[in-house]
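Close look at the chain arrangement
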Amino acid sequence: MTTPNRPIRVGVQIQPQHADYATIRRAASEAEDLGVDIAFNWDHFYPLYGEPDGKHYECWTMLGAWAESTSRVEIGALVTCNSYRNPELLADMARTVDNISDGRLILGIGSGWFERDYTEYGYEFGTAGGRLNDLGEALPRIEARLGKLNPQPVRKIPVLIGGGGEKKTLRLVAKHADIWHGFGDPETVERKVRILDQHCADVGRDPAEIERSVSVESEPSALGPQLLEHGVSLFTVGVTGPDYDFSLLRQWVEWRDKTNG
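In what follows, the accompanying structure is described. Just so we're clear, the structure is a prediction, and the values are computed from it rather than from any experiment. (Residues numbered from 1 in each chain as written. Predicted model: local features only at pLDDT ≥ 70, side-chain atom pairs only at ≥ 80, totals over all residues. Heavy atoms only, no water.)

What to know about unusual backbone geometry
Here the bond from leucine 78 into valine 79 is cis, since omega is -5°, no more than 30 degrees from zero. Counting through the fold element by element, valine 79 comes out in the loop between β3 (74–77) and β4 (80–81). At the junction of glycine 241 and proline 242, the peptide bond is cis and its omega measures out at 10° in the coordinates. Mapped onto the secondary structure, proline 242 falls in the loop between β9 (232–240) and α9 (247–260). We note that histidine 18 has phi near 65°; this positive angle belongs to a residue other than glycine. (Helix = DSSP H or I, 4+ residues; strand = E, 2+ residues; numbered from the N terminus.)

So, the packing of aromatic side chains
Tallying each qualifying case throughout the model produces 12 aromatic pairs. Aromatic pair tyrosine 46 and tyrosine 121: ring centres 6.2 Å apart, planes at 80°, arrangement edge-to-face. You can see tyrosine 46 sitting in the loop between β2 (38–41) and α2 (59–69) and its partner tyrosine 121 sitting in helix α4 (residues 115–121), a full 75 residues away along the chain. For tyrosine 46, a relative accessible area of 16% puts it in the buried group. Judged by its relative accessible area of 45%, tyrosine 121 is partly exposed. A centroid spacing of 5.0 Å and a plane angle of 75° characterise the contact between tyrosine 118 and phenylalanine 125, whose relative ring orientation is edge-to-face. Ring pairs connect the aromatic residues Phe45, Tyr46, Tyr84, Tyr118, Tyr121, Tyr123 and Phe125, which therefore count as one cluster. (Phe/Tyr/Trp six-rings, centres within 6.5 Å; stacked < 30°, edge-to-face > 60°. Buried < 20%, exposed > 50% of the residue type's maximum accessible area, 1.4 Å probe, protein only.)

Re the nonpolar core
Val12, Ile14, Trp60, Trp66 and Trp252 are the most contacted members of the largest nonpolar core, which totals 62 residues. A total of 6 residues in this core trace back to one element, the largest contributor, which is α2. Apart from residues lying up to four places away in sequence, tryptophan 66 is in contact with Ile14, Tyr21, Ile24, Ala28, Ala39, Phe40, Asn41, Ile75 and Arg104. (Core = buried A, V, L, I, M, F, W, Y, C linked by side-chain atoms within 4.5 Å. Contact = heavy atoms within 4.5 Å.)

Side note on the pairing of strand β7 (residues 179–182)
For a regular strand, side-chain orientation follows a simple rule: the groups alternate between the two sheet faces. Here β7 shows a buried face lined by Ile179 and His181 and a second buried face lined by Trp180 and Gly182. Taken together, β7, helix α7 (residues 186–203) and strand β8 (residues 211–216) form a β-α-β motif whose crossover is right-handed. (Right-handed = clockwise from strand over helix to strand, strands pointing away.)

Quick look at the packing of α7 against helix α8 (residues 220–229)
Put simply, α7 and α8 touch, their axes get as near as 9 Å, and they point 15° apart. Classified by the interaxial angle, the pair formed by α7 and α8 is roughly parallel. Classified by chirality, the crossing of α8 by α7 is right-handed. For the pair formed by α7 and α8, the contact residues are Pro186, Glu187 and Val189 on the first element and Leu223, Gln226 and Leu227 on the second. Its residues assigned to classes, the contact of α7 with α8 comprises 4 nonpolar, 1 polar and 1 charged. (Axes fitted to C-alpha atoms, helices over the stretch in contact; angles between N-to-C directions. Parallel < 35°, antiparallel > 145°, perpendicular 65-115°, else oblique. Left-handed = near helix turned anticlockwise from the far one by under 90°. Nonpolar A, V, L, I, M, F, W, Y, C, P; charged D, E, K, R; others polar.)

See below:
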């Protein structure tokens, strides 16, 4: 599996559910102080687990606030739902947050899946295949709009595509993404990475250009080395409200620092 010698990075997904915003803001600042590389939220309108109608906040409004309340950590959504915003508008939002943050935005995006978001907010849910087709059409539009905006983004905004669909999603990753984010055990990740490498070969892209990212839910001692063997270098721990427990995140930061040397 062809990957560059990337440094290990650790992210945190601060899930914007079941907590007051003041607590979420403190969690983002604490994560930055802890030394994480990226602070993510997610793009939903309702909690994904726990009380279905519990406290919840909108994704991109929050990212704009994080751009001001943090100073070093990269920020982004894991991931933005392509269905909820016009691609040109999303590009403008991303450019704006990137400028507010002095070039720290990662544009995470996916095709969407949480049906309640769609039905409650009046979006057409359609089919998984249709939503992936829409994402495929949106990505070039986002890229084109980013090239037209004045002022420009501070940097070329890294694009992260989340999902593991082997025929469509991973091909979109090969064509458009700087980072691929997936889920699953090391065996699943190994298979996805091999398929992604083949898609890269098919579209004429060096797979080493794409950083591999995985969500992790257990300690790094065994899981980390296995995923490293499959080219994963970005490891993201999810935490939820009302109290954001960083104990597992601290283990991953310590492992990162020890392994990177």
